[in-house]
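Listed below, chain by chain, are the residues.
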Amino acid sequence: MLRSMNEMKGYTIAATDGEIGSVLTFYFDDEHWTVRYLVVDTGGWLGGRRVLISPIAIGRAEWLRHELAVNLTKDQIEGSPAIDLDKPVSRQHEVEYYNYYSWPYYWDGMYGWAGWTYPGALATAAPTDRTAVAEQERGDLHLRSSDEVIGYHIQATDEEIGHVEDFLVDDETWQIRYMVVDTSNWWFGKKVLIAPTWIAGVSWAEQKVSVDLLKEAVKDSPQWDPSVPVTQAYEQRLYDHYGRPTYWR
């Protein structure tokens, strides 16, 4: 099922032996458009320290209670590598983080999560060969804060059409399926969904996302209603409208 990233902010994170804090924001990579970390504010527990929680650790989601349970103890989380979130998350930090939990590196392999489609598979998989660490540390970094990208302008092939208001995330793969685009400055508040696969490029300096779509095509696309779950029938209409192949094929 698809979940609103904005709605997941504030969700409680529960370790195996107690609550640790609440979701503050997310980091996703701009190659696979997949959430790699939840940034958790630990509040009074660790003196306001913020920690990263990978979807790999999520064992159970209580969506009605707004709670995500992770298969980690509070001691494990407390001992995890510290991070300065005022700076970009480096590959070196990711290597240190994954080594700490003895997980395979998600960037190894051809799928979104190393050799797997779902992050939970990495929790029990054999860790990456640590002799390759030096090579991994030289890898390019593509992590972006969701708070940074929400608000970016959307540029169609012929005209600006709105701005990023939210992301819809697959709650099994943690892949971003759609950007929620607010077109209120153009079409009286209509909200539409645009898949990351339709992105032609991103100018991080200009805070602009360019999409391979015409303005009129976006204007005439099926409207998104945030009060109604996204069904596959709706997604099929959306992809048919743009004449694009669906991701489930």
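Since the model is a prediction, treat every value here as computed from it, not as a measurement.

(A) Looking closely at helix 8 (residues 232-242). Restricting attention to buried positions, one finds in helix 8 the residues Y234, E235, L238, Y239 and Y242. End-on, the buried residues of helix 8 take up no more than an arc of 130°, which puts them together on one face. Opposite the packed face of helix 8, turned more than 90 degrees from it, sit the exposed residues A233 and D240. On its buried face, helix 8 is in contact with strand 1 (2-4), strand 11 (176-182), strand 12 (191-194) and helix 7 (215-219). Of the residues flanking the end of helix 8, it is G243, one or two places downstream, whose phi is positive at about 65°.

(B) Quick look at the pattern of salt bridges. For the structure shown, the criterion picks out 13 salt bridges. Residue K215 pairs with E159 through a salt bridge whose shortest N-O separation is 3.2 Å. Here E159 lies in the loop between strand 9 (153-155) and strand 10 (160-170) and K215 lies in helix 7, a separation of 56 residues in the sequence. D212 serves as the salt-bridge partner of R244, at 3.8 Å between the closest nitrogen and oxygen. You can see R244 sitting in the segment after helix 8 and its partner D212 sitting in the loop between strand 14 (208-211) and helix 7, a full 32 residues away along the chain. Bridged by salt links that share partners, the residues R60, E62, R65 and E67 form one connected network.

(C) Quick peek at the side chain of D170. Structurally, D170 is set in strand 10. For D170, a relative accessible area of 12% puts it in the buried group. A distance of 2.8 Å separates a polar atom in the side chain of D170 from the backbone nitrogen of E172. Contacts of D170, omitting those with residues within four sequence positions, involve M1, L2, Q175 and R177.

(D) Region of interest: helix 3 (residues 91-101). Considered for burial, the residues of helix 3 that qualify are R91, H93, E94, V95, Y97, Y98 and Y101. Count one or two residues on from helix 3 and you reach S102, which has phi positive near 60°.

(E) Structural view of the nonpolar core. Ranked by size, the top nonpolar core spans 73 residues in total, and within it W174 and M179 carry the most contacts. Ignoring sequence-local partners within four residues, the contact set of W174 consists of M8, F26, T34, V35, L38, P55, I58, L68, W113, P119 and V169.

(F) Spatial organisation of unusual backbone geometry. Here A114, not a glycine, exhibits a phi torsion of approximately 55°, which is positive. Within the fold, A114 resides in the loop between helix 3 and helix 4 (133-137).

(G) View of the confidence of the model for the chain. Mean pLDDT over the chain: 91, with 94% of residues reaching 70 or higher. By mean pLDDT, the top-scoring element of the chain is strand 7 (residues 67-70) (98), and the lowest-scoring one is helix 4 (50).

(H) Here's a closer look at the side chain of K191. Looking at where K191 falls in the secondary structure, it is placed in strand 12. According to the relative accessible area criterion, K191 is buried, its value standing at 19%. At 2.8 Å, the side chain of K191 forms a polar contact with the side chain of E165. The contact partners of K191, leaving out residues within four places of it in the chain, are E165, V181, D182, Q223 and W224.

(I) The environment of A200, seen in detail. The residue A200 is located in strand 13 (residues 199-203) in this model. With 90 residues separating them in the primary sequence, A200 and M110 have C-alpha atoms 22 Å apart. For A200, the contacting residues outside a window of four places in its chain are S210, V211 and D212.

(J) Representation of the environment of K219 within the structure. Take K219: it is sitting in helix 7. Among the residues examined, K219 registers a relative accessible area of 35% and is labelled partly exposed. Sequence separation between K219 and G151 is 68 residues, and the spatial gap between their C-alpha atoms is 19 Å.

(K) Structural context of the packing of aromatic side chains. A full pass over the atoms with the stated rule returns 24 aromatic pairs. Here the aromatic cluster, defined as three or more aromatic residues joined through ring pairs, consists of Y37, Y97, Y98, Y100, Y101, W103, Y105, Y106, W107 and W113. Of note, R91 hangs over the ring of W107, and the distance from its end group to the ring centre comes to 4.0 Å.

(L) Up close: the pairing of strand 12. Alternating residues of strand 12 divide into K191 and L193 and V192 and I194, and every residue in both groups is buried. In this structure, strand 11 lies alongside strand 12, joined through 4 bridges in antiparallel fashion. By the bridge assignment, V180 is partnered in strand 12 with L193.

Conventions used here
Residues numbered from 1 in each chain as written. Predicted model: local features only at pLDDT ≥ 70, side-chain atom pairs only at ≥ 80, totals over all residues. Heavy atoms only, no water. Buried < 20%, exposed > 50% of the residue type's maximum accessible area, 1.4 Å probe, protein only. Helix = DSSP H or I, 4+ residues; strand = E, 2+ residues; numbered from the N terminus. Arc of directions from axis to C-beta. Contact = heavy atoms within 4.5 Å. Salt bridge = Lys/Arg side-chain N within 4 Å of Asp/Glu carboxyl O. Polar contact = N/O pair within 3.5 Å; in protein donor to acceptor, adjacent residues only side chain to side chain. Core = buried A, V, L, I, M, F, W, Y, C linked by side-chain atoms within 4.5 Å. pLDDT = per-residue confidence, 0-100. Phe/Tyr/Trp six-rings, centres within 6.5 Å; stacked < 30°, edge-to-face > 60°. Lys NZ or Arg CZ within 6 Å of the ring centre and 35° of its normal. Pairing = 2+ DSSP bridges.

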